[in-house]
Amino acid sequence: SLRVHLPQTTALGVPHTDSDYFHQPGEINFWFPVNETVGGENSLFCESVSKKGDFHSFDVRYGAGVRFYGNKCRHYTVRNGSDRTRVSLDIR
């Protein structure tokens, strides 16, 4: 998926796991922002392991990506209060 999150917009969706939407258990998420830098309110938040609740933003520079187990680890976005549009590629 190609995702575009405009500045000063509310988040779409709620904290969820991909299994909530009946994705395959063996599915792994790869998240590649195509901006120079993303982090904090202009990023994706995820817990480190299933049901731990220790949510943190993925702070990533251009050219890097993140691999996570979105099937069981809850993830979400927050309101993009930054002045930058976030564009990302989400691959499963």
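Computed from a predicted model, the values in this text were never measured in an experiment.

Reading the values: rules and limits
Residues numbered from 1 in each chain as written. Predicted model: local features only at pLDDT ≥ 70, side-chain atom pairs only at ≥ 80, totals over all residues. Heavy atoms only, no water. Helix = DSSP H or I, 4+ residues; strand = E, 2+ residues; numbered from the N terminus. Rg over C-alpha atoms; globule rule 2.2 N^0.38 Å. Buried < 20%, exposed > 50% of the residue type's maximum accessible area, 1.4 Å probe, protein only. Contact = heavy atoms within 4.5 Å. Areas by Shrake-Rupley, 256 points an atom, 1.4 Å probe, with all protein chains shown as cover. Pairing = 2+ DSSP bridges. Axes fitted to C-alpha atoms, helices over the stretch in contact; angles between N-to-C directions.

A. Expanded view of the overall build of the chain. Of the regular secondary structure elements, the chain holds zero helices and nine strands. Taken from N to C terminus, the helices and strands of the chain fall in the order β-β-β-β-β-β-β-β-β. Relative to a compact globule of 92 residues, whose C-alpha radius of gyration would be 12 Å, the chain shows 12 Å and is just as compact. Taken over 92 residues, the chain has a buried fraction of 35%. Look at the contacts in the chain between residues 6 or more apart in sequence, and 76% of them connect residues 24 or more apart. With an accessible surface of roughly 5600 Å², the chain has 56% of that area assigned to carbon and sulfur atoms.

B. Up close: the sheet that holds strand S5 (residues 56-57). The antiparallel open sheet is built from three strands, whose spatial order is S5-S4-S8. Both outer strands of the open sheet, S5 and strand S8 (75-77), are each paired with one neighbouring strand and no more. Bridge count for strand S4 (residues 44-46) against S8 is three bridges, and the pairing is antiparallel. In the sheet register, Phe45 faces S8, and the bridge partner there is Tyr76.

C. Geometry of the sheet that holds strand S9 (residues 86-91). The strand order across the open sheet formed by four strands is S1-S9-S2-S7, and the pairing between neighbours is antiparallel. Of all the strands in the sheet, just strand S1 (2-5) and strand S7 (66-68) have a single pairing partner and so form its edges. The average angle at which neighbouring strand axes cross in this sheet is 25°, direction not considered. Judged from the four bridges that link them, strand S2 (residues 29-33) and S9 form a sheet pairing that is antiparallel. Its bridge partner being in S9, Phe32 is matched across the sheet by Leu89.

Interpretation note: all reported values are geometric properties and have no functional meaning in isolation.
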